[in-house]
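Listed here are the chains, written in short residue letters.
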Amino acid sequence: YWFGKAAEQGLADAQYNLGVFYVAGWGVSQDYAKAAYWYGKAAEQGDADAQFNFGVCHFAGQGVPRDYAKAAYWYGKAAGQGHADAQKNLGYCYAAGLGVDLDYSQAVYWYRKAAEQGDPEAQFNLGVCYDDGNGVPRDYAQAAYWYRKAAEQGDAEAQYNMGVFYENGQGVDKDYAQAVCWYRLAAEQGLADAQFNLGVCYYKGLGTSKDKAQAIYWFEKVAGQGGENAKTALDEVKGQPSSYWNE
């Protein structure tokens, strides 16, 4: 009630909070259109959180028609005020050409802004830019730097990529034991590629001792997700003579 009164009187914080309440259905019936309305009111007054949320509404078509250009516009307003999520999302808009012209250098610019604020998704995306040479010269050491930042915050894709980098010696010194550590972290989060590579490490004895039970365990995890490569690997592992595992 009080938020509603304050919002109607033009208080930006109240307008933003009323929008949050309408999205969540706290004390009011859930209503995305009303949420977008109040986010818009607060956004026009310069509230960065409201600008970001209003951008999300337009990006998702939640309470307003989907409009990537308006999403990018409001992300830009919030990003300019240092809003990390908005910076990351604006980077994505530039990387995908959604609502703005595709521009990898702008994507890198905004990903970096968010990454430097500690956003793990932005750190991962910036690592991908360096890995692929999109918007910046390809630089595996920089890719590894940003992947590690995201991986240490629990980003499974980044953990997997760190494993690949250590296995191949890309941007870091080759180190199979480190590869196993990173693959395991991502595998335990359910990432099939990491589970498969961890299975390979146990099968071939890379960075760890050969271990038939562990190889089978991880390949079965992948097979359970529909991975045909793991089904082939399982047949191969089970067909090895016992002497193989003692080599």
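Structure: above.
Residues numbered from 1 in each chain as written. Predicted model: local features only at pLDDT ≥ 70, side-chain atom pairs only at ≥ 80, totals over all residues. Heavy atoms only, no water.

Looking now at helix α5 (residues 68-79). For α5, with 12 residues, the first-to-last C-alpha span of 16 Å sits near the 16 Å given by 1.5 Å per residue. Residues A71, A72, W74, Y75, A78 and A79 constitute the buried set of α5. Those residues of α5 that are buried lie in contact with α3 (32-44), α4 (48-60), α6 (84-96) and α7 (104-116). The N-capping residue of α5, defined by a side-chain oxygen 3.1 Å from the backbone nitrogen of A69, is D67. (Helix = DSSP H or I, 4+ residues; strand = E, 2+ residues; numbered from the N terminus. Expected span 1.5 Å × (residues − 1). Buried < 20%, exposed > 50% of the residue type's maximum accessible area, 1.4 Å probe, protein only. Contact = heavy atoms within 4.5 Å. Polar contact = N/O pair within 3.5 Å; in protein donor to acceptor, adjacent residues only side chain to side chain.)

Assignment of secondary structure puts G76 in helix α5. Relative accessible area serves as the criterion here: at 26%, G76 is assigned to the partly exposed category. Here the alpha-carbon distance between G76 and G91, two residues 15 residues apart in the chain, equals 9.6 Å.

Before going further, it helps to spend a moment on the packing of aromatic side chains. Counted according to the given criterion, the structure contains 20 aromatic pairs. Here the aromatic rings of Y203 and Y244 are separated by 5.5 Å at their centres, their planes lie at 50°, and the arrangement is tilted. Taken together, the positions of Y203 in helix α12 (residues 192-204) and Y244 in the segment after α14 (228-238) put the pair 41 residues apart, joining distant regions of the chain. Both residues of the pair, Y203 and Y244, belong to the buried class. Seen in terms of ring centroids, Y203 and W245 are 5.8 Å apart; in terms of plane orientation they differ by 45°. Their pairing is tilted. Residue Y203 is found in helix α12, and its partner W245 is found in the segment after α14; the two are separated by 42 residues along the sequence. With relative accessibility at 13%, the residue W245 sits in the buried group. The side chain of K210 reaches across the aromatic face of Y244, ending 3.7 Å from its centre. (Phe/Tyr/Trp six-rings, centres within 6.5 Å; stacked < 30°, edge-to-face > 60°. Lys NZ or Arg CZ within 6 Å of the ring centre and 35° of its normal.)

With 13 residues, helix α8 (residues 120-132) ought to run about 18 Å at 1.5 Å a step, and its terminal C-alpha atoms sit 18 Å apart, in line with that. When α8 is considered as a whole, its buried residues turn out to be A122, Q123, F124, N125, L126, G127, C129, Y130 and D131. Buried positions along α8 lie against α6, α7, α9 (140-152) and α10 (156-168). With a side-chain oxygen positioned 3.0 Å from the backbone nitrogen of E121, the residue opening α8 is D119.

Here we take up the state of the cysteines. According to the stated counting rule, one finds 0 disulfides in the structure shown. You can see C93 has no disulfide; the closest cysteine sulfur is in C129, sitting 14 Å from it. Looking at C93, the relative accessible area reads 0%, which means it is buried. Classification of C129 by relative accessible area gives buried; the value is 7%. (Disulfide = S-S within 2.5 Å.)

On to the packing of α4 against α6, then. Direction vectors running N to C along α4 and α6 enclose 35°, while the axes themselves pass 10 Å from each other. Classified by chirality, the crossing of α6 by α4 is left-handed. Between α4 and α6, the residues in contact are F52, V56 and F59 and D85, A86, N89, Y92 and C93, respectively. Counted by class, the contact of α4 with α6 contains 6 nonpolar, 1 polar and 1 charged residues. (Axes fitted to C-alpha atoms, helices over the stretch in contact; angles between N-to-C directions. Left-handed = near helix turned anticlockwise from the far one by under 90°. Nonpolar A, V, L, I, M, F, W, Y, C, P; charged D, E, K, R; others polar.)

What follows is about the pattern of salt bridges. Per the counting criterion, the structure on display carries 6 salt bridges. Close ionic contact of E247 with K210 constitutes a salt bridge, the shortest N to O distance being 3.3 Å. In this pair, E247 sits in the segment after α14 while K210 sits in the loop between α12 and α13 (212-224), placing the two residues 37 residues apart along the sequence. Residue E247 is classed as exposed on the basis of its relative accessible area, which comes to 69%. Looking at K210, the relative accessible area reads 22%, which means it is partly exposed. The salt bridge involving E228 is made with K231; its shortest N-O contact spans 3.1 Å. Here K231 and E228 lie together in helix α14, a separation of 3 residues that amounts to about one turn. For K231, a relative accessible area of 35% gives the class partly exposed. (Salt bridge = Lys/Arg side-chain N within 4 Å of Asp/Glu carboxyl O.)

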